[in-house]
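One letter stands for each residue in the lines below.
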Amino acid sequence: MNKKRWHKVLILLLCIVMACPSTSLLSKKEKVQAATTTLDIPASVIAAKLNVRKSASRTAAQLTVSKKKVSIAKGTKVTILSEKTVSKEKWYYISFKWEGKTKKGYVLSDYVKLTLKDSVAAKVNSSSKVKIRKAAGGKSYLKVSNKTVSLANKTKLTITKETTKNGVKYFYVKFTYSKKSYKGYIEANKVLFTQPVVEEERKPIDTGVVTTNNLRVRVGAGTTNSQMVDSTGAKVYLSTGTKVTIYSVKEVSGTAWYEVDFTYKDKVLTGYISGSYVKLDSEKDTGSDSPGDDSSGNDSNNGDNNQGGTTPGDTNSGDTSGGTTSEPLTDAEFEQMMTEKGFPESYKPYLRTLHSQYPHWKFEAYHTGLDWNTAVSKESVVGKNLIPNSKNIAWKSMESGAYKWATDSFVVYDGSTWVTASKDIIAYYMDPRNFLNPQGVFQFELLAYQEQYQTIDGIENILSGTPMAGTSFTYTDDDGVEQTKTYAQTFIEAAKYSGVSPYHLASRVKQEVITSNKTFSSSVTGTVSGYEGLYNFYNIGATHSTAAGGAVANGLKYAQNGTSNATNNALYLIPWTSPYRAIVGGAYVIGSTYINRGQNTIYLEKFNMTPISTYSHQYMANVQAAASEASKTFTAYSSMSSVPIVFSIPVFLNMPDTPAALPADQLNPNNWLKTLAVEGYAITPTFDSSIEQTYGLIVEADTDSIVVKATTASKKATVSGTGKVPLNVGSNEVVVSVVAENGDKRDYKLNVIRLSE
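Residues numbered from 1 in each chain as written. Predicted model: local features only at pLDDT ≥ 70, side-chain atom pairs only at ≥ 80, totals over all residues. Heavy atoms only, no water.

Colleague: An account of the overall build of the chain is requested, with residue identities and associated values reported.
Modeller: Counting its regular elements, the chain contains 13 helices and 44 strands. In the chain, 65% of the contacts between residues at least 6 apart in sequence involve partners at least 24 apart. (Helix = DSSP H or I, 4+ residues; strand = E, 2+ residues; numbered from the N terminus. Contact = heavy atoms within 4.5 Å.)

What follows is the structure, encoded as structure tokens:
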């Protein structure tokens, strides 16, 4: 967008208070009212450093004062003025002191704790009834007359304190139930503060006309938000000449987005459109450049309108402008940037090296607010993160449930070879510092589609050495017409439909279903018995199974039936009866169920450190998956020296000064016996390899020797003390020793009593 247009946008921004993105179609009344809640709730920051943002979004610009980005430290006192929920995350609009002056901005509620002196009025905010707990995080619910207490939406509450248990925030509340007063705990995300509401008239700030055909209307600002649909479920597009009334402006990734009212099928609706395709009436005499000179990425479909919606692949987006890049930061500016964003000192040497190699790359610190050791422990739960059984024993967990000492075998959790990863190898792959290099850093790349940088040639680079490289497939589209497309073309169309990076999509498919340079896994052959003609390129829904073909069958069931939500299934293009529907529809699933809910990097898809479903809702069990996909993405960019790629790098609390090390190879520590017996006799108690105890045996006086037999649990261990053993009259201690491959020794004792004559 040129300077004149941005001048206009700045004027518009000064005229308005930014509006919160809509979550559904809005029918306009003659007079539209916007409700603003004024609160005055004391609280304090509980994160080590908390970024303050200009609006309620993780991707929103950070608040700046005198060119300094504002972050507030742990313990800082703040006042909550209002709250807002965006993408299932609750944000507080706060006031606080910054260098002696009062400032205001948005912070994520997870990192702020109420410090109440007086109670706060609130209400239940949930589409379903909410059970009240007796204790925060407890499994016991409050009961009245043997009936569990469930509160309906909008039930009035009085909050008296806040507490956090197992990473979940709870409010201790008073409420009235069956005409009596009770107290209990309720999850904070199901509560809304209440105060007197002041209504303000919604006022337009400008008008304009659309300058392109098939302009997508979205439910929020930015291409990561889903496209608006009308009452029939059809996607909403605007055509050239459509008049719009603008109510607010928001900048997303350098592009101005307008909140607009427009007439569509005789109804006035509200949505968000890219400002790059709107000619403002206030600009008519300014001589500004054509809006088409600055592409927003993927919100204009310059093809046939097809009555308010097109299917993926029916569009012709035309050439892109190529994009421009800003001047790279100087070394001094880069140092200041790292400090302002709160990168620990241990991150900085790696970031400096990357900056010197790729000066246009941009690095954001994603402050998880999570303790490092706690996060590693949560990810080390048996069965959560897996590794091939062929790896060295140091990479595999020997915890109970992961390893069987009695048989020297690892418990398989998926397929026939995937076993639980060790805590040390999980820590290695979780530690972002181990991957702050040109290949590894791509697991932190923000996964939105960037049309000007992500090309078919780049996709072909990723697909090189696979059966998809340079190859086409044929399918019948929804109109019964036979179509032929290359896989690379299909990934581009999937990116346009979902808003997800085609490089990420291609890398993920390569990770999931490519078995050699010429073969696919059975998930995408369309020939699996009982699931003929179905495809699942991302293995969505292919949950763990040790049954032969079980995971594949689970994935193909999803390809056939999708979810229980018919609207979602339509968006996902269920059933996936062709490679095209599976690749494009599956991309929408990934965008809507991972990226658009905050898991917007490969790392966060693998290790979910977001406030939503923390430590769960993780796409890949393979602990190496994020690093593996990152290296494949790196190969896709033919030139990266001037591409302004944005990386969001996790930062944890209480991290060690040095990165988690790759565990050194270890020798097998198993020093257990599998069997222990005396030829011709029964020892007591019955041999149990899991219990260290002394076994007993009594023989007659004329028995001057016994033959001891034993086998080791591990083939790599050695045993001594077996064979023919002489006996004296009376008590004889026989020791059978097992030495593991790593040298660990374990003794099994047998007390043999030889009777006297």
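Colleague: Describe the environment of Asn654, and please don't skip the residues or the numbers.
Modeller: Relative to the assigned elements, Asn654 resides in the loop between β37 (646-653) and β38 (673-678). Separated by 281 residues in sequence, Asn654 and Asn373 place their C-alpha atoms 7.8 Å apart. With residues up to four places along the chain from it excluded, the contact list for Asn654 reads Asp371 and Trp372. Here the side chain of Asn654 touches Asp371 through a polar contact of 2.8 Å, side chain to side chain. (Polar contact = N/O pair within 3.5 Å; in protein donor to acceptor, adjacent residues only side chain to side chain.)

Colleague: Mind laying out the sheet that holds strand β33 (residues 412-414), listing which residues take part and the relevant values?
Modeller: Taking strand neighbours across the sheet as the criterion, the three strands line up as β30-β34-β33 in an open arrangement whose pairing is antiparallel. Each having just a single partner strand, β30 (386-388) and β33 make up the two edges of the open sheet. On average, adjacent strands in this sheet sit at an angle of 55° to one another, irrespective of strand direction. Of the strand pairs in this sheet, β30 and strand β34 (residues 418-420) are connected by three bridges, and their pairing is antiparallel. Residue pairing across strands places Leu386 opposite Thr420, the latter belonging to β34. (Pairing = 2+ DSSP bridges. Axes fitted to C-alpha atoms, helices over the stretch in contact; angles between N-to-C directions.)

Colleague: Could you give me a rundown of the environment of Ala677, with the residues and numbers involved?
Modeller: Looking at the secondary structure, you find Ala677 in strand β38. On a C-alpha basis, the gap between Ala677 and Ala710 in space is 6.4 Å, while along the polypeptide they are 33 residues apart. Every residue in contact with Ala677, bar those within four places of it in the chain, is listed here: Val707, Val708 and Lys709.

Colleague: Describe the confidence of the model for the chain, naming the residues involved and giving the relevant values.
Modeller: Per-residue confidence for the chain averages 83 on the pLDDT scale, and 85% of its residues sit at or above 70. Segment residues 14-37: pLDDT under 50, and 51 contacts once partners within four positions in sequence are set aside and those in other chains are kept. (pLDDT = per-residue confidence, 0-100.)

Colleague: Tell me about the side chain of Ser380, residues and numbers included.
Modeller: Relative to the elements of secondary structure, Ser380 occurs in the loop between α4 (372-379) and β30. Accessibility expressed as a relative area gives 15% for Ser380, which makes it buried. Contacts of Ser380, omitting those with residues within four sequence positions, involve Lys423 and Ile426. (Buried < 20%, exposed > 50% of the residue type's maximum accessible area, 1.4 Å probe, protein only.)

Colleague: Run through the packing of helix α7 (residues 487-498) against helix α8 (residues 502-513), naming residues and quoting values.
Modeller: For the pair α7 and α8, the least separation of the axes is 8 Å and the interaxial angle reads 120°. The pairing of α7 with α8 is recorded here as oblique in orientation. By crossing handedness, the relation of α7 to α8 is classed as right-handed. Contacts between α7 and α8 involve Phe491, Ile492, Ala494, Ala495 and Ser498 from the first element and Pro502, Leu505, Ala506 and Val509 from the second. Counted by class, the contact of α7 with α8 contains eight nonpolar, one polar and no charged residues. (Parallel < 35°, antiparallel > 145°, perpendicular 65-115°, else oblique. Left-handed = near helix turned anticlockwise from the far one by under 90°. Nonpolar A, V, L, I, M, F, W, Y, C, P; charged D, E, K, R; others polar.)

Colleague: Please set out the side chain of Asn600 residue by residue, giving values where relevant.
Modeller: Inspection of the secondary structure assignment puts Asn600 in the loop between α11 (579-593) and α12 (602-606). Beyond its immediate sequence surroundings of up to four residues, Asn600 is in contact with Glu445, Leu446, Leu447 and Ile595.

Colleague: Account for the pattern of salt bridges, with residues named and values stated.
Modeller: Scanning the entire structure with this criterion turns up eleven salt bridges. Ionic pairing is found between Asp431 and Arg433, a salt bridge with its closest N-O pair at 2.8 Å. Exposure remark for Arg433: the relative accessible area of 2% places this residue in the buried category. Residue Lys709 pairs with Glu679 through a salt bridge whose shortest N-O separation is 3.0 Å. Taken together, the positions of Lys709 in strand β40 (residues 705-712) and Glu679 in the loop between β38 and β39 (694-699) put the pair 30 residues apart, joining distant regions of the chain. Accessibility expressed as a relative area gives 45% for Glu679, which makes it partly exposed. (Salt bridge = Lys/Arg side-chain N within 4 Å of Asp/Glu carboxyl O.)

Colleague: Give a description of the nonpolar core that names residues and reports values.
Modeller: The biggest cluster of nonpolar side chains holds 55 residues, and the ones touching the most others in it are Phe491, Phe537, Tyr538 and Trp576. Among the elements of the structure, α6 (456-463), β35 (472-476), α7, α8, α9 (550-561), α11 and α13 (625-636) are those that each provide at least two residues to this core. Per-element accounting of this core gives the leading share, eight residues, to α11. In this view, Phe491 contacts Ile459, Leu463, Met468, Pro502, Leu505, Ala506, Val509, Tyr538 and Ile583; residues no more than four positions away in its chain are not counted. Tyr358, Trp361, Tyr366 and Tyr603 belong to the second largest nonpolar core, which has 51 residues in total. (Core = buried A, V, L, I, M, F, W, Y, C linked by side-chain atoms within 4.5 Å.)

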